[in-house]
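# Structural overview for review
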Amino acid sequence: MSAATADPRVAAGGRVDSGEEMGALETIRLGLRHSPELREGLGVTLLLAVLASAGQVVVPITVQQTLDRGLGAPGGPDLRFTVLLGLAALVAVLVTGLASYGMTSRLFRTAESGLATLRTKAFRHVHDLPVLTQNTERRGALVARVTSDVDQVSQFLVFGGLLFVVSVGQVLVATIVMAVYSWQLTLVVWLCFAPLFASLRYFQRKLSDAYGTVRRQVGALLSAVSEPVVGAGVVRAYAVQDRTQQRIDEAVERFQAASTRAQGFTAFSFSLGGVSGGLANAGVIVVGVLLGFGGDISAGEVLAFAFLVSLFVGPVQMGTQILTDAQNAIAGWRRVLGILETPADLVDPGEAGVELPRGPIAVRFEDVGFAYPGGPPVLRGIDLELAPGSRIAVVGETGSGKSTIAKLLTRLMDPTTGRVLLDGLDVREIRQASLRRSVVLVPQEGFLFDDTIAANLAYGRLDATEAELRAAADELGLGDWLAGLPHGLATRVGQRGEALSAGERQLVALWRAQLADPDLLVLDEATSAVDPALEMRIGRALDSLMRGRTSVTIAHRLSTAEQADEVVVVDRGEVVQRGPHAELARQAGTAYARLHASWVAQQSGRGADRAVASAGTLDA
Amino acid sequence: MTQVVDRSTDAQEEPRDAVVAPGVPPSALDPATRTATTRDGFAVLLVAIRREPWVFAVSTIGSVLFGALTVADAWVLGWSTDHVLLPAYRDGEIGAGMLAAVVALFVGVALLRAVGIVARRLGAGIMQYRMQAHTRRAVTRQYLRLPMAWHQQHPTGELLSNANSDVEAAWGPIAPLPMAVGTVAMMVIAVVQMLATDLVLAFVGLLVFPAVIAANLAFQRRSSPLMTRAQELRAELSEVAHESFDGAMVVKTLGRESEETRRFAEIAQRLREVNVRAGRLRAAFDPALAALPSLGVLVVLATGVHRVGTGATAAGDVVTIAYLLTVVAFPIRSLGWLLGEFPRSVVGYRRVTAVLEADGEMPHGESRLPADARGGARLELRDVAYAYDPDQPLLHGVTLDVAPGRTVALVGATASGKSTLTSLVTRLVDPDAGRLTLDGVDLRDLAPGELARAVAVVPQTAFLFDDTVRGNVTLGADLPDDAVWAALRAAQADEFVAALPHGLDTRLGERGTSLSGGQRQRLSLARALVRRPRLLVLDDATSAVDPEVEGRILAALRRPDPLARAADASVDDPAIDPDVPPPSLLVVAYRKATIGLADEVVHLDGGRIAARGTHAELLATSPAYAALVNAYETADETPVPPTAEETR
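Residues numbered from 1 in each chain as written. Chains lettered and ligands numbered in written order. Predicted model: local features only at pLDDT ≥ 70, side-chain atom pairs only at ≥ 80, totals over all residues. Heavy atoms only, no water.

This paragraph deals with the overall build of chain A. Counting its regular elements, chain A contains 22 helices and 10 strands. A burial count over chain A gives 60% of its 620 residues as buried. Long-range pairs, those at least 24 residues apart, make up 78% of the contacts in chain A with a sequence separation of at least 6. Carbon and sulfur atoms make up 58% of the accessible area of chain A, which totals about 23700 Å². (Helix = DSSP H or I, 4+ residues; strand = E, 2+ residues; numbered from the N terminus. Buried < 20%, exposed > 50% of the residue type's maximum accessible area, 1.4 Å probe, protein only. Contact = heavy atoms within 4.5 Å. Areas by Shrake-Rupley, 256 points an atom, 1.4 Å probe, with all protein chains shown as cover.)

The structure is reproduced here in structure tokens:
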């Protein structure tokens with residue numbers, strides 16, 4: 001991992017699509033394409049939704065009919081009519097309830113299924129992204145995309161999306177029904193709501209900004225609050241408690257201010273609907289009375305109209321609320337979809353690809369060049385042939401491009417020009433499954449999963465039995481180390497393996513590689529200093545691991561180069577020398593001679609017996 | 001309201017320990033203890049109300065205002081029907097004053113109601129955010145006050161979730177609180193009004209309220225276990241995603257993408273099932289809750305028509321009661337929301353309270369070190385013993401001196417007690433027996449901040465703050481940029497800092513993740529050097545730094561005033577004084593090159609000093625030491641039996 005933020009090449013090409021360019025409708029369209037479940041039975045659900053919302057008109061109509069024809073019937077209230085009407089309304093209410101049940105449960109099923117698919121697809125896609133992109137993104141942000149962002153979409157899909165459509169439908173239906181009663185009163189109602197509709201866009205933008213700020217402040221708050229916990233030792237040792245507290249207080253305050261501001265906008269925009277409703281009610285009564293004088297409308301109709309206004313106000317408020325929540329949901333959906341829209345540039349040929357034959361692999365680089373997007377070339381015109389079963393050490397100074405060679409070999413990246421051939425086959429034509437089976441990279445830091453040692457080894461080979469795990473340990477000379485662990489194979493390694501020391505993590509990583517039984521082993525040598533006794537153990541394990549395979553080690557120590565069959569010296573993106581150590585060390589004035597000289601100087605200086613060539617640790 | 005807190009982070013930090021499992025303890029869902037939870041829930045709310053009585057009052061008044069005016073709306077409609085609409089139709093005329101009154105009443109009521117809404121919602125928000133802020137400040141103050149030993153007993157994830165998701169959960173019920181209070185008020189007003197309007201119709205209508213409340217409670221009871229389960233699964237999902245992305249390189253290089261996806265998909269499917277079940281429950285209850293008032297209205301109408309027929313009641317009264325029913329029945333749900341928040345709230349509050357009530361503090365004395373002392377300090381350890389777990393002492397009987405300006409290297413296998421010793425020297429912990437003195441003063445007698453003025457430690461794992469490079473080096477101390485650059489130069493960090501886009505002002509992001517391990521270590525070292533410590537403790541602080549660079553750093557440290565040495569000679573800074581003698585150094589080291597620089601080497605084995613002397617002496621006299629440090633050389637020849645500590 002390099003100094004990512006300072007690195008122009010990262011900015012040029014490694015980021016996950018933020019999706020921010022996408023419009024709301026485009027987001028929904030794309031979302032539906034990625035989760036086809038969402039469309040399933042949409043027609044039926046919509047029908048149920050219409051039925052459910054239409055049913056809500058039943059009660060006000062019943063009230064109106066009762067008033068006009070039950071209470072106001074000529075010759076006194078008509079009880080029989082009222083009871084019959086009531087029974088009809090009862091049936092309608094029950095049907096409405098059933099339709100509503102059907103709609104909601106169907107919505108939950110399709111939305112949750114669709115989102116489970118989306119989540120899983122996005123998760124998989126993160127693993128398919130180029131290493132460069134994976135490293136550029138903050139882990140927390142990637143995790144949020146497959147967890148909380150998806151949850152936000154869920155709220156919207158279940159309670160928002162369809163309900164919004166239905167709300168708009170209800171507003172239209174209410175308008176039509178109102179217009180049947182009286183187009184004049186309908187006009188009055190719409191006039192009363194016109195200012196609300198006009199200001200909607202403005203408030204949406206304000207709200208979206210306000211919640212964006214809240215989101216950023218949450219990040220800052222979480223970071224500030226973690227400092228007295230994660231940095232407990234440093235804060236105490238430097239006695240900076242006051243300063244730390246002050247920083248937290250500031251973050252707490254900023255978060256509070258941002259949240260309050262957002263809440264203010266929400267409350268204010270929500271209250272507008274009620275005011276419009278009050279205006280509409282007054283307008284209906286007043287205009288209704290005036291119209292009544294002309295005989296255009298009956299008292300019962302005006303009253304029913306007053307109820308209809310509440311049917312209009314309800315969905316309008318609902319719709320406004322949904323639009324508000326939708327800001328977050330659509331933004332979340334965009335971010336998830338943004339992952340899927342980020343190209344996974346390494347294409348797996350799949351079934352069309354070829355299988356690598358088993359047995360030690362011959363490696364060939366043909367005029368290979370590599371540059372990060374928009375960056376200068378890192379490797380130029382590399383031609384290299386490595387014999388099967390040989391031990392190769394790649395050496396070079398920081399930034400020489402030697403780590404890039406490892407990434408091209410294992411197809412973590414594809415070359416910009418030229419070809420990388422394994423056993424004569426272009427790596428791009430080899431099936432991903434076959435390539436991963438035969439070629440294994442052991443990275444500098446042996447990352448372990450928070451589980452037992454056995455479970456971590458399973459990443460190397462899923463079906464390995466305990467006997468096989470132990471056999472592999474013995475082959476690497478780890479038997480007594482294993483025996484010394486408190487729970488043997490069942491020892492839990494902690495988060496990222498931090499219950500083990502750095503050296504022990506490396507041991508497990510080597511053991512995992514042994515189980516994977518690769519034909520080509522690519523090692524990025526660890527640079528961290530570890531306990532010398534453990535260092536020796538690692539050396540022995542490595543030695544056994546390399547036996548019978550082709551191995552390429554990105555060496556940071558000249559002692560590793562000494563033991564290799566062949567050394568490849570990389571300088572400024574080009575292979576400048578190759579051959580056995582002894583031979584290269586004799587060639588005066590070369591890059592290797594310089595590395596060697598500085599190593600020898602280190603050795604003799606100040607009683608230090610053995611040190612490392614100037615190949616640094618910062619290029620990984 | 002809108003869920004603003006980054007759930008992923010929360011969930012990732014949720015501890016997995018059963019005792020502190022996220023969500024609700026099983027007992028809270030048991031009907032027998034449910035009332036207890038409800039009572040506790042109200043007790044938590046009472047704490048908030050006591051703390052913020054005014055905001056609570058404003059939001060509650062707003063909510064009551066809203067409730068009352070919603071009811072008033074029905075009354076205005078009824079009044080308009082009886083006094084304006086019907087007379088107008090009957091008589092064919094109406095005074096303009098009456099029409100104006102209708103407008104004034106409706107609009108006035110609507111405006112006041114809007115004020116009520118804003119007061120209620122904003123008030124609830126302000127109260128909730130204030131309580132969160134109070135609690136977060138209090139919890140983090142505790143974190144800073146409590147001794148290191150307390151921190152070591154509590155997993156990081158647990159402490160982070162205490163300050164984040166637990167605080168949020170504890171004050172969750174504040175959001176629906178004013179609404180619930182307003183609903184209760186509204187119900188009372190509505191009931192009184194209904195009773196005043198028509199006793200018989202009111203009784204018919206009132207049957208609806210208990211039915212709605214019962215339905216709500218039944219819903220809460222069934223749904224809260226599902227909600228809890230969903231919450232747990234979300235935490236699990238986030239944990240898997242976090243770990244899997246962290247290990248993306250391993251997953252990729254071993255071709256395990258499909259297995260990882262399967263692991264994730266399995267939990268995603270389980271979450272889906274729980275959500276669908278919760279959804280079905282909701283689908284059943286929602287229409288039932290909506291239908292109850294409708295049914296009530298129908299019954300009221302049937303009864304009302306009969307009573308109007310017999311002349312027992314007026315048509316307007318029937319309308320009023322029917323309207324009241326529809327208006328009041330819906331917000332009853334907010335009581336359900338309030339009660340539904342209680343189990344999470346109670347658990348969150350208890351966990352936060354446990355932190356706030358934790359005891360323990362590192363006591364300080366009053367002594368000060370001489371203000372004008374310069375150059376190396378003298379560190380003495382006398383018979384120091386320390387055990388984190390009484391059964392496994394980490395150090396015993398350690399007696400050790402670091403003379404002014406001298407360099408002492410601590411060498412030992414993993415877990416031999418080296419890091420414990422550095423924790424004692426910087427007084428992150430106090431010894432169980434024996435004493436440590438700096439220039440003759442017992443560390444425990446020093447006034448707060450005194451020790452940090454003289455001693456700087458650079459830990460194994462560099463910790464960087466979410467701040468600029470300058471902020472990370474100075475930690476708020478008022479230091480000129482020259483001094484910061486000098487420290488960076490001494491730590492061999494000046495080059496890469498100069499290459500950063502904004503130099504010293506570059507923000508490093510959370511924990512400096514944008515830098516490499518070696519760069520983080522060198523910044524951490526610069527932070528120590530800029531303070532011109534008189535004793536510098538390096539706990540394997542340069543492990544990720546290139547050995548040659550490390551050599552240059554250490555050599556600089558051993559010369560007088562390292563900062564001056566590293567600084568450009570032309571820098572005319574009176575703070576840099578070439579006559580300042582070098583600091584004393586205590587170094588935990590693995591590399592021979594580092595060890596070779598020390599004046600004295602102390603070999604720790606199993607928490608005891610096994611041997612001491614110069615590197616050369618120890619090589620000659622101590623076979624165990626020789627075996628330890630010569631492991632490189634013997635690697636190719638005869639394997640060395642592992643030491644006891646290594647195998648643990």
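So, about the overall build of chain B. Scanning chain B for helices and strands turns up 27 helices and 10 strands. The burial tally for chain B puts 58% of its 648 residues in the buried class. Restricting the contact set of chain B to residue pairs at least 6 apart, pairs at least 24 apart contribute 76%. Working note: accessible area of chain B is about 24900 Å², and carbon and sulfur atoms make up 58% of it.

Taken together, the contact pairs 167 residues of chain B with 169 residues of chain A. Summed over both sides, the interface of chain B with chain A buries roughly 15000 Å², with 68% coming from carbon and sulfur. Taken as a group, Leu144, Phe245 and Lys252 of chain B account for 6% of the area that chain B buries against chain A, more than any other trio of residues on that side. Here chain B and chain A share 4 salt bridges between them. The partner of Arg243 of chain A in a salt bridge is Asp467 of chain B, and the shortest N-O contact between them spans 2.7 Å. Here chain B and chain A share 28 residue pairs in polar contact (both at pLDDT 80 or more) between them. At 31 residues, helix α12 (residues 257-309) of chain B tops the list of elements feeding residues into the side of chain B that touches chain A. A breakdown of the residues in the side of chain B that touches chain A according to their chemical character gives 86 nonpolar, 41 polar and 40 charged. (Buried area = accessible area lost by both parts, 1.4 Å probe. Salt bridge = Lys/Arg side-chain N within 4 Å of Asp/Glu carboxyl O. Polar contact = N/O pair within 3.5 Å; in protein donor to acceptor, adjacent residues only side chain to side chain. Nonpolar A, V, L, I, M, F, W, Y, C, P; charged D, E, K, R; others polar.)

What follows covers the sheet that holds strand β10 (residues 574-579) of chain A. Residues and elements named next belong to chain A. Read from one edge of the open sheet, 6 strands run β6-β7-β8-β3-β9-β10, paired in mixed fashion. The sheet terminates laterally at β6 (439-442) and β10, the two strands that pair on one side only. On average, each strand axis in the sheet is inclined to that of its neighbour by 20°, with strand direction left out of account. In this structure, strand β3 (residues 391-396) lies alongside strand β8 (residues 550-554), joined through 4 bridges in parallel fashion. Following the sheet pairing, Arg391 is matched in β8 by Ser551. Contacting β6 and β7 (520-524), helix α18 (residues 502-516) runs over the sheet at an angle of about 180° to β6. (Pairing = 2+ DSSP bridges. Axes fitted to C-alpha atoms, helices over the stretch in contact; angles between N-to-C directions.)

What follows is about the pairing of strand β4 (residues 417-422) of chain A. Residue and element names in this part refer to chain A. Pairing analysis gives 5 bridges linking strand β1 (residues 363-371) to β4, with the strands arranged antiparallel. Note on β4: the bridge partner recorded for Glu366 is Arg419. Alignment of β4 against strand β5 (residues 425-426), held across 2 bridges, turns out to be antiparallel. Across the sheet, residue Leu421 finds its bridge partner in β5, namely Asp426. Between the antiparallel neighbours β4 and β5 lie 2 residues, among them Asp423 with a positive phi of about 50°.

Now for empty space enclosed by the protein. Residue and element names in this part refer to chain B. The full count for this structure, using the stated rule, is 18 cavities of 30 Å³ or more. Taken as a whole, the second largest cavity holds about 70 Å³ of empty space. Looking at the second largest cavity, it is lined by 13 residues, and the ones nearest its centre are Asp540, Thr542, Glu550, Val588 and Ala589. For the lining of the second largest cavity, the class distribution of residues is 7 nonpolar, 3 polar and 3 charged. (1 Å grid on protein atoms, 1.4 Å probe; cavity = no way out; pocket = protein on both sides within 12 Å on 5 of 7 lines; lining within 4 Å. Points joined across faces, edges and corners; volume = space filled by probe spheres on them.)

With that settled, the discussion passes to the packing of helix α10 (residues 208-246) of chain B against α12 of chain B. To characterise two packed helices, one gives the angle between the axes of the helices and the distance between these axes. All names here are of chain B. Contact geometry for α10 and α12: axes closest at 9 Å, N-to-C directions at 165°. Between α10 and α12, the angle falls in the class roughly antiparallel. The element α10 and its partner α12 pack so that their crossing is left-handed. Here the residues of the contact of α10 with α12 sort into 24 nonpolar, 5 polar and 10 charged. (Parallel < 35°, antiparallel > 145°, perpendicular 65-115°, else oblique. Left-handed = near helix turned anticlockwise from the far one by under 90°.)

Next up on the list: the packing of aromatic side chains. Summed over the entire model, instances satisfying the criterion amount to 14 aromatic pairs over all chains. Judged by centre distance (4.2 Å) and plane angle (10°), the ring pair of Phe123 of chain A and Phe264 of chain B falls under stacked. Taken together, the residues span two chains, with Phe123 of chain A in helix α5 (residues 79-128) and Phe264 of chain B in helix α12. Of the residues examined, Phe264 of chain B reaches a relative accessible area of 0% and is grouped as buried. Every member of this aromatic cluster is reached through a ring pair, and the members are Trp190, Phe193, Phe197 and Phe312 of chain A. For the cation-ring pair, Arg121 of chain B lies above Phe270 of chain A, with the distance from its terminal atom to the ring centre recorded as 4.1 Å. (Phe/Tyr/Trp six-rings, centres within 6.5 Å; stacked < 30°, edge-to-face > 60°. Lys NZ or Arg CZ within 6 Å of the ring centre and 35° of its normal.)

To continue, consider the side chain of Thr244 of chain A. By the secondary structure assignment, Thr244 of chain A is in helix α11 (residues 241-293). Residue classification places Thr244 of chain A among the buried residues on the basis of a relative accessible area of 1%. With residues near it in sequence (within four places) discarded, Thr244 of chain A still touches Glu227, Pro228 and Val235 of chain A together with Leu144 and Phe465 of chain B.

Our next topic: helix α4 (residues 53-91) of chain B. For α4 of chain B, spanning 39 residues, the distance from its first C-alpha to its last is 53 Å, which sits close to the expected 57 Å at 1.5 Å a residue. Gly92 of chain B sits one or two residues past α4 of chain B and shows a positive phi near 75°. (Expected span 1.5 Å × (residues − 1).)

This part is about the sheet that holds strand β3 (residues 407-411) of chain B. Residue and element names in this part refer to chain B. With mixed pairing, the 6 strands of this open sheet are ordered in space as β6-β7-β8-β3-β9-β10. If you trace the sheet from one side to the other, it starts and ends with β6 (455-458) and β10 (608-613), each paired once. Within this sheet the neighbouring strands show an average axis-to-axis angle of 15°, counted without direction. The sheet contact formed by β3 and strand β9 (residues 600-605) spans 4 bridges and is parallel. Counted as the bridge partner of Val408 is Glu600 from β9. Sitting on the sheet, helix α15 (residues 418-425) touches β3, β7 (535-539), β8 (584-588) and β9, and the angle it makes with β7 is about 150°. Sheet strands in contact with helix α20 (residues 517-529) are β6 and β7, and its direction is about 180° off that of β6.

Our focus in this paragraph is the nonpolar core. Membership of the largest hydrophobic core comes to 90 residues, with the highest contact counts inside it found for Leu421, Leu438, Leu488, Leu523, Leu536, Leu538 and Leu586 of chain B. Setting aside residues up to four positions removed in sequence, Leu438 of chain B forms contacts with Leu369, Ala377, Arg378, Leu379, Leu443, Leu451, Ala454, Val455 and Leu535 of chain B. Counting residues in each nonpolar core, the second largest holds 79 residues, with Leu311 of chain A together with Leu69, Ala72 and Leu77 of chain B among its members. (Core = buried A, V, L, I, M, F, W, Y, C linked by side-chain atoms within 4.5 Å.)

Attention shifts here to the pattern of salt bridges. Per the stated rule, a full pass over the model turns up 45 salt bridges over all chains. Note that Asp519 of chain A is salt-bridged to Arg358 of chain A, the shortest N-O span being 2.7 Å. Separated by 161 residues along the polypeptide, Asp519 of chain A in the loop between α18 and β7 and Arg358 of chain A in the loop between α12 (299-341) and β1 bring together distant segments of the chain. For Asp519 of chain A, a relative accessible area of 8% translates into the label buried. Arg358 of chain A gets classed as partly exposed once you look at its relative accessible area, which sits at 42%. Arg229 of chain B serves as the salt-bridge partner of Glu232 of chain B, at 3.0 Å between the closest nitrogen and oxygen. Of this pair, Glu232 of chain B and Arg229 of chain B both sit in helix α10, 3 residues apart, which is roughly one turn of that helix. You can call Glu232 of chain B partly exposed: its relative accessible area is 27%. Three or more residues joined by partner-sharing salt bridges are found here, namely Glu227, Arg243 and Arg247 of chain A together with Asp467 of chain B.

Interpretation in functional terms is not warranted from these geometric data alone.
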